[in-house]
Structure formats: structure tokens, C-alpha cells
Amino acid sequence: QTLNHVHMTYSPITSKLIVKGSKAKNSLTGISAGFGQITPISAALPLLLEYGIDAQYSFMMKKDDTRNMMTINAPVSMMYQIGMPGAGMAILPYAGLDFGYNIFGSRKVLGERLGYFSDLDFSRFMVGGHLGVKLLVSSVYFGLAYQGCFNELSDNLKYTQAQFSVGILF
């Protein structure tokens, strides 16, 4: 039986710029909402396939440096269901791939705004991976995951993020 879910996610994001041995880090905040489906792969095994789509808005607001970006993500995961009979609970560890498309983004430093895709050479398409676990209690789940990108957002710039989610299955 396929289950649908909607979710909200809070993501502390770290961007790392690595140039000739030196590193610069920035912390951003991501907020996302999405929809997904969980489908059993086999009736004999507790393996599940999860796929979906979400929209994430990422931002950083400092006195002389503000940044923002809007991304559409399509995650695909393999899950393993560990049920707790009679308790109405399950633990769902999972791992998978993320495919993202950056719709818009910009940076404003000292009053000058630069578009990530019009003025700077940022990539619109991102591919990454994730590893996480969900705790299912009745029809509500709480999730924790770590996600990183395989390709660079721009030259020598990569990001990683933690994801704290809450969702409802229906």
C-alpha cells in the first residue's frame, strides 16, 4: 500500500568555499515544504521506496551580507522499516539521492546585489546524497537527516545541511 505524506523541514546549511588550502564557511537557514510517497518494494521484505518533491528557500541575513536562494528538490530514498508491534511506531532508516534545480538566488554585499545565475557562474542543477532516519508515531513522523552535494554550486563552493522534518502520512 502506497502512503502519501506532506512535510515541513528546517535545515541549518553550511557553505564551504575552498581556495588554495584556505576555507571560508557561511551558515544559512533553509525552510522547505514538500510532498512525497512511500511504496513497498516487496511484500516479503520491509524495504520501501520513497520519492517526492519539495521547495526550499535558503537565506542568510547579516548586516552587510544577505543571501537567498530558491530550490526545487526531488529526493529518492531506499528505506528499511523496523516496526514495533503493538506500539503504533516504526523506525525508518533511509539513504538516497537528491536532484535539485536552483530557480533563483542572489547575494547583496555592501549594497550591491549580484544574481547567482545572471552575474555569477553558479550551477542551477545539483546532485547530492542523503542519509537519515524517521520515527513514525501513528500517522506522524519526525525525521533527522544529513545531506551533501556531489557537484559544486560554483567553483570550489559546496554545501551540506542537516534536515529536521515533521510530516503527516495519509
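Residues numbered from 1 in each chain as written. Predicted model: local features only at pLDDT ≥ 70, side-chain atom pairs only at ≥ 80, totals over all residues. Heavy atoms only, no water.

1. Some words on the overall build of the protein
Alright, step 1. Each helix and strand counted, the protein has 0 helices and 10 strands in total.
Alright, step 2. For the protein, the α and β elements follow one another from N to C terminus as β-β-β-β-β-β-β-β-β-β.
Alright, step 3. Within the protein, contacts between residues at least 6 apart in sequence are counted, and of these 58% link residues at least 24 apart.
Alright, step 4. Put simply, the protein shows about 9500 Å² of open surface, and 65% of that area lies on carbon and sulfur atoms.
Alright, step 5. Across the protein, the centroid of the 13 positively charged side chains sits 7 Å from that of the 10 negatively charged ones. (Helix = DSSP H or I, 4+ residues; strand = E, 2+ residues; numbered from the N terminus. Contact = heavy atoms within 4.5 Å. Areas by Shrake-Rupley, 256 points an atom, 1.4 Å probe, with all protein chains shown as cover. Lys, Arg positive; Asp, Glu negative; His and termini not counted. Charge placed at Lys NZ, Arg CZ, Asp CG, Glu CD.)

2. Observations concerning the pairing of strand β4 (residues 65-80)
Alright, step 1. Pairing between strand β3 (residues 47-61) and β4: 13 bridges, direction antiparallel. Looking at the pairing, Q56 lines up with T71 of β4.
Alright, step 2. Alignment of β4 against strand β6 (residues 89-109), held across 15 bridges, turns out to be antiparallel. The residue of β6 that forms the bridge with V76 is L97. (Pairing = 2+ DSSP bridges.)

3. Examining the layout of surface pockets
Alright, step 1. One number sums up the size of the largest pocket: a volume of about 480 Å³.
Alright, step 2. Put simply, the parts of the chain that give the lining of the largest pocket at least two residues each are β1 (3-19), β2 (22-40), β3, β4, β6 and β10 (157-169).
Alright, step 3. Examining the composition of the lining of the largest pocket, we find that 5 residues originate from one element, β4, more than from any other.
Alright, step 4. In terms of residue class, the lining of the largest pocket is made up of 11 nonpolar, 10 polar and 3 charged.
Alright, step 5. Each pocket or cavity is described by its volume, and for the second largest pocket that value is around 190 Å³.
Alright, step 6. Around the second largest pocket sit 14 residues that line it, and L3, I38, P40, L48 and Q81 are the ones nearest its centre.
Alright, step 7. Elements represented by at least two residues in the lining of the second largest pocket include exactly β2 and β3. (1 Å grid on protein atoms, 1.4 Å probe; cavity = no way out; pocket = protein on both sides within 12 Å on 5 of 7 lines; lining within 4 Å. Points joined across faces, edges and corners; volume = space filled by probe spheres on them. Nonpolar A, V, L, I, M, F, W, Y, C, P; charged D, E, K, R; others polar.)

4. Focus on the packing of aromatic side chains
Alright, step 1. All chains considered together, the criterion is met by 4 aromatic pairs.
Alright, step 2. Considering the side-chain rings of Y10 and F164, the 6.4 Å spacing of their centres and the 25° angle between planes classify their relative orientation as stacked. In this pair, Y10 sits in strand β1 while F164 sits in strand β10, placing the two residues 154 residues apart along the sequence.
Alright, step 3. For Y10, a relative accessible area of 40% puts it in the partly exposed group.
Alright, step 4. We classify F164 as partly exposed; its relative accessible area is 40%.
Alright, step 5. For the cation-ring pair, R124 lies above F117, with the distance from its terminal atom to the ring centre recorded as 4.2 Å.
Alright, step 6. Sitting over the face of the ring of Y94, K134 holds its NZ or CZ atom 5.2 Å from the ring centroid. (Phe/Tyr/Trp six-rings, centres within 6.5 Å; stacked < 30°, edge-to-face > 60°. Buried < 20%, exposed > 50% of the residue type's maximum accessible area, 1.4 Å probe, protein only. Lys NZ or Arg CZ within 6 Å of the ring centre and 35° of its normal.)

5. Brief notes about empty space enclosed by the protein
Alright, step 1. Summed over the entire model, instances satisfying the criterion amount to 2 cavities of 30 Å³ or more.
Alright, step 2. The volume enclosed by the largest cavity comes to roughly 350 Å³.
Alright, step 3. The wall of the largest cavity is formed by 28 residues, among which H7, D54, P75, Y94 and Q163 lie closest to the centre.
Alright, step 4. For the lining of the largest cavity, the leading source of residues is β3, giving 6 residues.
Alright, step 5. Looking at side-chain class alone, the lining of the largest cavity contains 8 nonpolar, 16 polar and 4 charged residues.

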